[in-house]
Amino acid sequence: MTRLLDKETEGGELTRKAVTLLAEAGAVQGTLHLPGVRDAYRWRLEQVVLLAGQALEGAGESREAELLHRVLVQACVARAEDARYGAGQLSRGAQRAPTLEDCDDGWQRVEQIASTAEEAALAAAGFAQRLNTDKARAMALRAEVAAMSARKTVQERNRAYTFHADPGFSFGEGWYLAAAALFAGLSIQIRPGAAQEVQARRFLCDAGLEGALRPYRSRPASPKHLTHIIAEAFRADAQQAQGTLRTAFLGDESPSAPLRAWIDAKVGGMPGQKVLLWVRTGDHHAQRNTCFDELRQLSELVVNAGLSPIFFGDNVPRELVPPGAVNLTLCWKEPLFQGPEMRRAQLHLFEELRCRHGLLGQIGVTTAGMDGPALMGLPTLYLTREHNVRLGKWVGAVPGYQEVVREPGYFAIIRTTLQQWQQCPPRTGEAITIEARKVVTFKPGSVLKDAINK
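Residues numbered from 1 in each chain as written. Predicted model: local features only at pLDDT ≥ 70, side-chain atom pairs only at ≥ 80, totals over all residues. Heavy atoms only, no water.

**Description of the overall build of the protein chain**
- Each helix and strand counted, the protein chain has 16 helices and eight strands in total.
- Counting all 454 residues of the protein chain, 50% fall into the buried class.
- Here the contacts in the protein chain between residues at least 6 apart in sequence split such that 71% fall between residues at least 24 apart.
- Carbon and sulfur atoms form 51% of the exposed surface of the protein chain, whose accessible area is close to 21,800 Å². (Helix = DSSP H or I, 4+ residues; strand = E, 2+ residues; numbered from the N terminus. Buried < 20%, exposed > 50% of the residue type's maximum accessible area, 1.4 Å probe, protein only. Contact = heavy atoms within 4.5 Å. Areas by Shrake-Rupley, 256 points an atom, 1.4 Å probe, with all protein chains shown as cover.)

Listed below in structure tokens is the structure:
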């Protein structure tokens, strides 16, 4: 081999470079996880294939040609296995992309990487056939296995989003998964055996999404995409989007008699206009939980505006509930809101409060529980320490949806918002007027999909 590489020919120089680069690539295989090493490794392999291929053109049937075939088999196997690794890594990142468009772009790159693995495996098989040795055939088989694995990564992409039906997950995320599925034809999966699987399936079927359900699989699509999809639907046609959700989520039937009786017992003796104050005290992202000192100040703002607060969500200290307020915290644990129609019952609760008991709007921290009524038209003001990238997409798109960052003077913004709500209250017994009452599912190629792909 040394004598071959000492030949002072253009082909010999190319062969020498290819062999050297292949050795350098092999020397760093144990450190590919370090920053920048894998990129340099890939560049060397590409150069090996390029240089060895050029040298092979003029090598004929010489011993140098045999050497080049061995070099090319090794380089192609390494490229196929590296592509398998790259496809796996990129597929994980693509699934977590912030938008559906970014996710699809990421998976297109995974597809390209899988094709690279297949091309490398095919080339390795050709070079191994020329060498006709057991060692070469075994190496080519490694490349084929790597290519098949890379292709399997593409084929096993899970396009479904998980509708969480376990009390340990966010109940409110279901609102915007169902909404996004109605708008963009998304697929949905539910983990079998989850505590609220029956209730989740009932809600989705009632909303017209039975056909969107898919068998449960690992590595579902990221819920990060959902708020973006909803924002695009509302920007395309807010009235149609809101009408679609109200029809799907509320249905054609009136709230049940037990629900109305429950609401009357809790709120019926409290006339006047009201504001919903959400309370969050969960373990997940505890930094987003309600600050009780802030809640007290919010309650005072509501009372000073001549309105009655309705506390909703997690438990609140009794001393924070002023006279004349309504405490509905933890009501969602009652049997009325835990049965098969638990999700629709909760939405009917908000709708009844709005139409018949003077509910003007809702205020709270960034809890997904607010999203259902917000998407159906209840004026919403959510508080955050800094701009919320995901939910901020709804500001200016979903009617009545406001973000308030906790900066000096933010209570003045809340006070002004309360005054605005008082000036435009719903008339008693009046639901939100929406012309489009038909459920519309936005399919690929629709106005929404076109907007997403711009």
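On we go.
**Focus on the packing of helix α11 (residues 257-267) against helix α13 (residues 342-356)**
- Two elements in contact, α11 and α13, have axes whose closest approach is 11 Å; the angle formed by their N-to-C orientations is 55°. Classed by the angle they form, the pair α11 and α13 counts as oblique. The hand of the α11/α13 crossing is right-handed. Contacts between α11 and α13 involve Leu259, Arg260, Trp262, Ile263 and Val267 from the former and Ala345, His348, Leu349, Glu352, Leu353 and Arg356 from the latter.
- For the contact of α11 with α13, a count of residues per class yields seven nonpolar, one polar and three charged. (Axes fitted to C-alpha atoms, helices over the stretch in contact; angles between N-to-C directions. Parallel < 35°, antiparallel > 145°, perpendicular 65-115°, else oblique. Left-handed = near helix turned anticlockwise from the far one by under 90°. Nonpolar A, V, L, I, M, F, W, Y, C, P; charged D, E, K, R; others polar.)

**Examining the side chain of Asp82**
- Along the chain, Asp82 turns up in helix α4 (residues 63-95).
- You can call Asp82 buried: its relative accessible area is 10%.
- Non-local contacts of Asp82, meaning those with residues more than four positions away in its chain, are made with Arg38, Tyr41 and Arg42.

**Topic: the pattern of salt bridges**
- In total, this model carries 21 salt bridges according to the counting rule given.
- Here Glu294 ties to Arg406 by a salt bridge, and the two come within 2.6 Å at their closest N and O atoms. Of this pair, Glu294 sits in helix α12 (residues 292-304) while Arg406 is found in the loop between β8 (401-405) and α15 (410-423), placing the two residues 112 residues apart along the sequence.
- For Glu294, a relative accessible area of 5% corresponds to the buried category.
- One continuous salt-bridge network, built from bridges that share partners, spans Arg38, Arg42 and Asp82. (Salt bridge = Lys/Arg side-chain N within 4 Å of Asp/Glu carboxyl O.)

**What about the sheet that holds strand β3 (residues 274-279)?**
- Ordered in space as β5-β4-β3-β6-β7-β8, the six strands form an open sheet in which the pairing is parallel. With one partner strand each, in any of the chains shown, β5 (326-327) and β8 form the two edges of the open sheet.
- Where β3 meets strand β6 (residues 359-365), four bridges bridge the pair, whose relative direction is parallel. Residue pairing in the sheet places Leu277 in a bridge with Ile363 of β6.
- Most of the contacts of α12 go to β3, to which it runs at about 175°, and overall it touches β3, β4 (308-313), β6 and β7 (380-384). (Pairing = 2+ DSSP bridges.)

**Topic: a positive patch on the surface**
- On the surface, a cluster of positive charge is contributed by Arg92, Arg96, Arg219 and Lys224.
- You can see Arg92 is positioned in helix α4. (Patch = residues over 30% accessible without salt bridge, like charges linked within 9 Å, V, L, I, M, F, W, Y side chains within 5 Å. Lys, Arg positive; Asp, Glu negative; His and termini not counted. Charge placed at Lys NZ, Arg CZ, Asp CG, Glu CD.)

**Some details on the environment of Pro322**
- As for its position among the elements, Pro322 is in the loop between β4 and β5.
- Separated by 258 residues in the primary sequence, Pro322 and Glu64 have C-alpha atoms spaced 91 Å apart.
- With near-sequence residues (within four places) excluded, Pro322 lies in contact with Ser299, Val303, Pro309 and Phe311.

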